[in-house]
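Close look at the chain arrangement
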Amino acid sequence: MRLDHPSELAALCPAPPATLLTWLRGQPTGGFTAAVTTDRGGEKLTLPARAVVRAVVPPSTDVVHAGQDLFGWLHRHHLTITGPTVEEHLVDADGAHAVVLEVSVHPQRHTPLA
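Throughout this description, residue numbers start from 1 for each chain and increase along the sequence as written. At least 70 in pLDDT is required for a residue's local features to be given in this predicted model, at least 80 for side-chain atom pairs to be given and counted, and no such filter applies to totals for whole chains, interfaces and linings, which use all residues. Note that the side-chain values use all heavy atoms of the structure and ignore hydrogens as well as water.

1. Examining the overall build of the chain
For the record, the criterion: A run of DSSP states H or I qualifies as a helix once it reaches four residues; a run of E qualifies as a strand once it reaches two. Both are numbered from the N-terminal end. Only protein chains enter the accessibility calculation, which uses a 1.4 Å probe; a residue whose area is less than 20% of its type maximum is buried, one above 50% is exposed, and one in between is partly exposed. Two residues form a contact once any of their heavy atoms are found within 4.5 Å. Exposure was quantified through the Shrake-Rupley algorithm and a 1.4 Å probe, taking into account, for residues, occlusion by the shown protein chains and nothing else.
Of regular secondary structure, the chain possesses 2 helices and 6 strands. For the chain, the N- to C-terminal ordering of α and β elements is β-α-β-β-β-α-β-β. Looking at the chain residue by residue over its 114 residues, the buried ones come to 29%. Across the chain, every contact between residues at least 6 apart in sequence was considered, and the portion connecting residues at least 24 apart equals 62%. Accessible surface computed for the chain: about 7900 Å², of which carbon and sulfur atoms make up 56%.

2. Looking at the environment of leucine 70
With respect to the element layout, leucine 70 can be found in helix α2 (residues 63-76). The class for leucine 70 is buried, based on a relative accessible area of 10%. Considered as a pair, leucine 70 and valine 53 are 17 residues apart in the sequence and their alpha carbons are 9.1 Å apart. In this structure leucine 70 touches Val53, Ala55, Leu101 and Val103, once residues within four positions along its chain are discounted.

3. Here's the deal with the pairing of strand β5 (residues 79-91)
Put simply, the rule is: Only when DSSP finds a minimum of two bridges between them are two strands counted as paired.
As paired strands, β5 and strand β6 (residues 97-107) are joined by 10 bridges and run antiparallel to one another. Residue pairing in the sheet places valine 86 in a bridge with glutamate 102 of β6.

4. So, the nonpolar core
Filter applied, for reference: Working definition of a nonpolar core: buried Ala, Val, Leu, Ile, Met, Phe, Trp, Tyr and Cys residues. They are joined through side-chain atoms within 4.5 Å.
In this structure, Val53, Val57, Leu70, Leu74, Leu101, Val103 and Val105 are the most contacted members of the largest nonpolar core, which totals 13 residues. Every element with two or more residues in this core is listed here: β4 (52-57), α2, β5 and β6. Broken down by element, this core gets its largest block of residues, 5 residues, from α2. Setting aside residues up to four positions removed in sequence, leucine 101 forms contacts with Val53, Arg54, Ala55, Val57, Val63, Ala66, Gly67, Leu70, Val86 and Glu87.

Structure follows, in structure tokens:
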């Protein structure tokens, strides 16, 4: 699906547990593409092995704000986003919720100053 703002995702995503896949490299400044799990059949998506950074977002924290903070953290730690970002909504047997944000990364190459 194509979205104009991250706030549109809440209305479009199925109830947890669900997985959201985006191709963001930072805070979106315009439209972006996303894919979500559904209970309908569809094409299977297998992600390749990759280095990732994961953040667990507690229910009391806004996921969009947590994602923005994560992109800032990646920038401060000189990590480049190299692939899709994954947002997983998890629910345990007792009904407790958590969101896991996962971002594919690679260290930025530093070029010496001339």
